[in-house]
Amino acid sequence: MKKNFSWKKAVGALVATSVVLSAGIPTSAASAAEKGTAKNVILMIPDGMGASYLTASRIFKGEELSFERYMKGMMKTYSADTSVTDSAAAGTAMATGYKTDNGKIAVTPDGKEPDSILDAARNKDKATGLIATSRITHATPAVFTSHDPSRGNEAVLAQQYINNVDVILGGGRDMFTLEKDGGNQTDRDLVAEAKEAGYEYVTKKSELDSVTGNKVLGLFADAALTYDIDRVNQEEPSLTDMTEFAIDTLSKDQDGFFLMVEGSQIDWAGHANDPVATVTDMLEFDRAVEEALDFAKKDKNTLVVVVGDHETGGMNIGTTEGGYADNIDVLKNIKMSNNVLAAKLAEEADVISIANAKESEGNYYLPIREAAKELGAKFSFNSKSGKATVTLDGTKATIDLLKRTTAVKGENGRIGIVKTPGVNHVDFQDFTELFDLQAGYQIGDNKADNKAYVVDAESVLEKHTKLDINDEDLELLTSQPWNGSTLVNTLGTIISNHAYISWGTRNHSGVEIPLYAYGKGSDQFVGLINNTDLPRIISYLQGTELFEDEQAFIDEMEERRNQ
């Protein structure tokens, strides 16, 4: 028997279903905020921070970062001349709203010098501030107040800071002082000029407490400040210290303020593939953001924006060896950056000259008597058998010098291969490994400067990292020259391997960057924006009128979100 079909019931069911489904789907994004809504703007830039930095830092911290819940969208980072930007081009776009070529500081490809959102705030009688843990004249802070075709001209960039920014805090004292005083200025003492212009000049954290004015030049290191994990000088302020001070000072201005805060060395840690410095500088940046958010929540008239200028290093969490797992907790036992760890290795090593060594395909061969002497070992030679016996700290090795390659088993049970390209010469790295030592080479342009650092690297590394250093680690360590950043980078790879972290590059990548915003007008950053959109939105929300087409731009952004 057929049941009667009721159109009324069917239509009612469709309407009910439509209501249920549409309840979970927003029909439109938030409408445009009113122009000039944000009296104060705090733009916080974690230089080089990609999404994986956030993941690693969250795992390390054990809870979400202070700003994660305020994620709004993503930001494109490409420059005018390449898909992979540098900080100068990225910063220029974020500060002025115009794309430029890598390396240029607020100068467009056709030579124009557009004002920045900091300039616009100053022109509206708002207080302004710049903070960085690098030199304050480094690329990112510089684009907000200076112009030059080359980011490398930091002494010239410094000359454009005084009277253009009220609160200047960071490193880079050498860019403000005269050459005769150890600085980089040829004929202008910018510190003296700042004092004459009414700035209070401070070089120590404790001096911030005695500042009474609203114009401050704080230069806390000759060059860059240290990584947060390496900061032992109590008179060097943290990023949080500088952020708190700047907000307290700038907020006294009744017209409002614009403040840019850069966690500069997050990027440097990424370049070095140093997971410890990356995470610990990220967490210090997190604390600085929390300071800004606390102020914004109390003030009710402040916009806080958090976004990197690009991603650095291509960090990946979870390597093939690790499988579906992370091992980031091992980083908690390491209390120093790779810079300091490399210095520890050098400090505990015996340094010997290898100027007279024979070189072949990257291997260095010393006369065996000289090699033994440099190690402080006992040496004897049997001319009939052609065999030499070397004894060091109870370990004895016998080497047949008549053979090109000799397998050697020392009394410590270690089996090694010592290459002997000619009578009485041995591969020095192989030779030291027979005695559980490692030799790292520092090779200069001048052969006379070539050195070997002989050290029990396994013992030193385990002492300072609490990692179980293996033969693969030691082989990697001695396969690269111990020249400056190369040793630092190699240590980064070793530690990352233990943490199941891998890296795609030691440079920048071209991926989009997550963007976070809290406070007045924060919903204007929803979706995927370009880095040139950032200052246009900020200028509109702060009412500084840097761009002529701001209202049309905001209307277009809103229409796009609501389509």
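Scoring rules and cut-offs
- Residues numbered from 1 in each chain as written.
- Predicted model: local features only at pLDDT ≥ 70, side-chain atom pairs only at ≥ 80, totals over all residues.
- Heavy atoms only, no water.
- Helix = DSSP H or I, 4+ residues; strand = E, 2+ residues; numbered from the N terminus.
- Contact = heavy atoms within 4.5 Å.
- Areas by Shrake-Rupley, 256 points an atom, 1.4 Å probe, with all protein chains shown as cover.
- Pairing = 2+ DSSP bridges.
- Axes fitted to C-alpha atoms, helices over the stretch in contact; angles between N-to-C directions.
- Buried < 20%, exposed > 50% of the residue type's maximum accessible area, 1.4 Å probe, protein only.
- Arc of directions from axis to C-beta.
- Polar contact = N/O pair within 3.5 Å; in protein donor to acceptor, adjacent residues only side chain to side chain.
- Salt bridge = Lys/Arg side-chain N within 4 Å of Asp/Glu carboxyl O.

Visitor: Before we move on, can you summarise the overall build of the protein chain with the specific residues and values?
Guide: Tallying secondary structure elements over the protein chain gives 18 helices and 25 strands in all. Contacts in the protein chain between residues at least 24 apart in sequence constitute 67% of all its contacts with a sequence separation of at least 6. In the structure as shown, the protein chain presents an accessible area of about 24800 Å², 46% of it carried by carbon and sulfur atoms.

Visitor: Can you lay out the sheet that holds strand β15 (residues 387-392) for me, pointing to particular residues and giving the numbers?
Guide: Strand order in the open sheet made by the three strands is β14-β15-β16, with antiparallel pairing throughout. Edge strands, defined here as strands with exactly one partner in the open sheet, are β14 (378-382) and β16 (395-400). Pairs of neighbouring strands in the sheet enclose a mean axial angle of 15°, with direction left out of account. Of the pairings in the sheet, the one linking β15 to β16 comprises six bridges and is antiparallel in character. Paired with V390 across the two strands is A397, which belongs to β16.

Visitor: Before we move on, could you go through helix α15 (residues 471-479) and cite the residues and values that matter?
Guide: Here α15 has its buried residues at D473, L474, L477 and T478. Looking down the long axis of α15, one finds its buried residues gathered within 125° of arc, a one-sided arrangement. Facing away from the buried side of α15 by more than 90 degrees, the exposed set consists of D471, E472 and E475. The inward-facing, buried residues of α15 abut α11 (338-347), α13 (428-433), β20 (438-442), α14 (457-465) and α16 (485-498). Sitting at the head of α15, N470 places a side-chain oxygen 3.1 Å from the backbone nitrogen of E472.

Visitor: Before we move on, could you go through the pattern of salt bridges and cite the residues and values that matter?
Guide: In total, this model carries 19 salt bridges according to the counting rule given. Between K124 and E545 there is a salt bridge, with its nearest N and O atoms 3.2 Å apart. Here K124, found in the loop between α4 (117-123) and β3 (127-135), pairs with E545, found in the loop between α17 (533-542) and α18 (550-562); they are 421 residues apart in sequence, far enough to count as distant. D228 is the partner of R231 in a salt bridge, and the nearest nitrogen-oxygen pair spans 2.5 Å. A relative accessible area of 26% means that R231 is categorised as partly exposed. Under the relative-accessibility criterion, D228 is labelled buried at 16%. Taken together, the salt bridges that share partners define one network made up of D228, R231, E284 and R287.

Visitor: Please set out helix α2 (residues 51-61) residue by residue, giving values where relevant.
Guide: Within α2, burial applies to S52, Y53, L54, A56, S57 and F60. At its buried positions, α2 is contacted by α9 (265-271), α10 (275-299), β9 (311-312), β10 (315-317), β22 (501-503) and β24 (513-519). In the stretch just after α2, G62 is the one whose phi turns positive, near 90°.

Visitor: Help me get a handle on the pairing of strand β6 (residues 216-219), residues and values and all.
Guide: Because side chains alternate across β6, one face comprises the buried residues V216 and G218, and the other comprises L217 and L219, equally buried. Strand direction decides the pairing type here: strand β4 (residues 167-171) and β6, joined by four bridges, are parallel. Residue pairing for β6: V167 is matched across the bridge by V216. Here strand β5 (residues 200-202) pairs with β6 via three bridges, running parallel. Each bridged residue has a counterpart across the sheet, and for Y201 the counterpart in β6 is L217.

Visitor: Help me get a handle on the side chain of T312, residues and values and all.
Guide: Note that T312 resides in strand β9. A distance of 2.5 Å separates the side chain of T312 from the side chain of D267, its partner in a polar contact. The contacts of T312, once residues within four sequence positions are left out, are G48, Y53, D267, G270, H271, W503, N507 and H508.

Visitor: Explain unusual backbone geometry to me, using residue names and the numbers behind them.
Guide: One non-glycine residue with positive phi stands out, namely A106, at about 50°. The exposure class assigned to A106 is buried, which follows from its relative accessible area of 0%. Even without a glycine there, the phi angle at D436 is positive, about 60°. Within the secondary structure layout, D436 lies in the loop between α13 and β20. When its relative accessible area of 33% is taken as the criterion, D436 is described as partly exposed.

Visitor: Before we move on, can you summarise the sheet that holds strand β2 (residues 71-76) with the specific residues and values?
Guide: As summarised here, the arrangement of the 10 strands in space is β5-β6-β4-β3-β7-β1-β8-β24-β2-β25, forming an open sheet in which the pairing is mixed. What marks the edges here is a single partner per strand, and that holds for β5 and β25 (527-530). Across the sheet, the mean angle from the axis of one strand to that of its neighbour is 15°, orientation sign disregarded. Two elements, strand β8 (residues 302-307) and β24, share five bridges in a ladder whose sense is antiparallel. For V304, the partnering residue across the bridge sits in β24 and is Y518.

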